[in-house]
Amino acid sequence: MLRDVDTVQVVATGTFIFLIIGGAGVAVLALSLLGAELLHVADVDGPVSVEAVAGFLGAFGFGAAIVNELVGGRTPGTIAAAVAGGAVAAVPTAWLAARLSRAARDMRTDPTPTRNDLVGALGLVVTPVPAAGYGEVRVRVAGQPVKLNARADHPIPVGAQIFVVQALSETSVHVETY
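Everything numeric in this text was worked out from a predicted model, so none of it was measured. (Residues numbered from 1 in each chain as written. Predicted model: local features only at pLDDT ≥ 70, side-chain atom pairs only at ≥ 80, totals over all residues. Heavy atoms only, no water.)

Peer 1: Teacher, can you tell me more about the environment of V125 here?
Peer 2: Summarising the element assignment, V125 is placed in strand 1 (residues 122-127). Spatially, the C-alpha atom of V125 lies 4.3 Å from that of V137, the residues being twelve residues apart in sequence. When sequence neighbours within four positions are dropped, the list of residues in contact with V125 reads E136, V137, I156, P157, V158, G159, A160 and I162. (Helix = DSSP H or I, 4+ residues; strand = E, 2+ residues; numbered from the N terminus. Contact = heavy atoms within 4.5 Å.)

Peer 1: Is there a simple way to think about the packing of helix 3 (residues 50-71) against helix 4 (residues 76-105) in this case?
Peer 2: How two helices pack is summed up by the angle between their axes together with the distance between the axes. Between helix 3 and helix 4, whose axes approach to 6 Å, the crossing angle comes to 150°. For the element pair helix 3 / helix 4, the angle class is roughly antiparallel. Of the two possible hands of crossing, helix 3 and helix 4 adopt the one that is right-handed. Taken together, the residues of the contact of helix 3 with helix 4 break down into 18 nonpolar, eight polar and two charged. (Axes fitted to C-alpha atoms, helices over the stretch in contact; angles between N-to-C directions. Parallel < 35°, antiparallel > 145°, perpendicular 65-115°, else oblique. Left-handed = near helix turned anticlockwise from the far one by under 90°. Nonpolar A, V, L, I, M, F, W, Y, C, P; charged D, E, K, R; others polar.)

Peer 1: Any chance you could explain the pattern of salt bridges here in plain terms?
Peer 2: Pairing is possible between side chains that carry opposite charge, provided their charged atoms lie close to one another. By the definition in use, this model includes two salt bridges. The salt bridge involving K147 is made with E136; its shortest N-O contact spans 3.4 Å. Placement of the pair is K147 in strand 3 (residues 144-151) and E136 in strand 2 (residues 135-141), with a sequence separation of eleven residues. Note on K147: relative accessible area 55%, which makes it exposed. (Salt bridge = Lys/Arg side-chain N within 4 Å of Asp/Glu carboxyl O. Buried < 20%, exposed > 50% of the residue type's maximum accessible area, 1.4 Å probe, protein only.)

Peer 1: What should I look at first to understand the side chain of E51 in this one?
Peer 2: In this structure, E51 sits in helix 3. When neighbours within four sequence positions are excluded, E51 is seen to be in contact with L29, S32, A97, S101 and R105.

Peer 1: Would you mind going over the nonpolar core with me for this structure?
Peer 2: The nonpolar side chains of a soluble globular protein tend to be buried, and buried together. In terms of nonpolar packing, the biggest core is built from 17 residues, with V125, V137, V139, I156, I162, V173 and V175 touching the most fellow members. Contributions of two or more residues to this core are made by strand 2, strand 3, strand 4 (161-167) and strand 5 (172-177). Ignoring any residue separated from it by four or fewer positions in sequence, one finds V137 in contact with L124, V125, V126, V146, K147, L148, A150, I162 and V173. The next biggest cluster of nonpolar side chains, apart from the first, holds seven residues, and it includes F18, A65, A82 and A90. (Core = buried A, V, L, I, M, F, W, Y, C linked by side-chain atoms within 4.5 Å.)

Peer 1: Sorry, what's going on with the packing of aromatic side chains here?
Peer 2: When we look at a pair of aromatic rings, we describe it by the centre distance and by the angle of the planes. Scanning the model with the defined rule gives three aromatic pairs in all. Consider the rings of F18 and F60, whose centres lie 6.1 Å apart with planes at 90°: the pair is edge-to-face. Placement of F18 in helix 1 (residues 13-33) and of F60 in helix 3 is noted, with a sequence separation of 42 residues between them. Residues F163 and Y178 carry aromatic rings whose centres are separated by 6.4 Å and whose planes lie at 75° to one another, so their mutual orientation is edge-to-face. (Phe/Tyr/Trp six-rings, centres within 6.5 Å; stacked < 30°, edge-to-face > 60°.)

Peer 1: Explanation requested: the environment of G159 in the structure shown.
Peer 2: Among the secondary structure elements, G159 is positioned in the loop between strand 3 and strand 4. Given a relative accessible area of 46%, G159 falls into the partly exposed group. Sequence spacing of G159 and V125 is 34 residues, and the spatial spacing of their C-alpha atoms is 5.1 Å.

Peer 1: Could you clarify how one ought to interpret the packing of helix 1 against helix 3 in this entry?
Peer 2: For the pair helix 1 and helix 3, interaxial distance at closest approach is 7 Å and the crossing angle is 155°. Looking at the two axes, helix 1 sits roughly antiparallel to helix 3. The way helix 1 lies across helix 3 gives a crossing that is left-handed. Here helix 1 contributes G14, T15, F18, L19, I21, G22, G23, G25, V26, V28, L29 and S32 to the contact with helix 3, which in turn contributes V50, E51, A54, L57, G58, F60, G61, F62, A64, A65, N68 and E69. Each residue belonging to the contact of helix 1 with helix 3 can be placed in one class, and the counts come to 13 nonpolar, nine polar and two charged.

Peer 1: So what exactly am I meant to see when it comes to helix 1 here?
Peer 2: One turn of an α-helix holds 3.6 residues; hence residues three or four places apart share an orientation. The end-to-end C-alpha separation of helix 1 is 30 Å, in line with the 30 Å expected for 21 residues at 1.5 Å each. Of all the positions in helix 1, only G14, T15, F18, G22, G25 and S32 are classed as buried. In an axial view of helix 1, the angular spread of the buried residues amounts to 110°, which keeps them on one side of the axis. Opposite the packed face of helix 1, turned more than 90 degrees from it, sit the exposed residues T13 and F16. (Expected span 1.5 Å × (residues − 1). Arc of directions from axis to C-beta.)

See below:
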């Protein structure tokens, strides 16, 4: 007489293989995001991006594994159904991955601010500016607050509004009161 029989859930071999394929897709995606071009693993320049291949493999593997477990994939027919289910999940995922990666690569960005962008900026004195030395001012450049060393022809107290007359270097400016 058997009492308290423990049952063990066995994962189908097909499901295990599909999970490995999905994991490979995630690994390829991680390598592409972490900069595989830095490692020069492969120079793939073609109509299909690495991100699209990774999206296809990941969605195909995990989608097929889910379908395989749902249909009890132990026969060739049910495994074929799992492959079809994985393909149904993989195609739109690959298309979306290709579109998103292309959009990220082609995204317009603002140019990097240079010292010439400092001239004419308005700001406040945060450390008094003496006539013969440097103080500190805070100005906005490209919408970001920047703290700079500042010189002036005459002393300027803390809290005074200033504008930048000349950029002496990347981190220091000549200012006048506003």
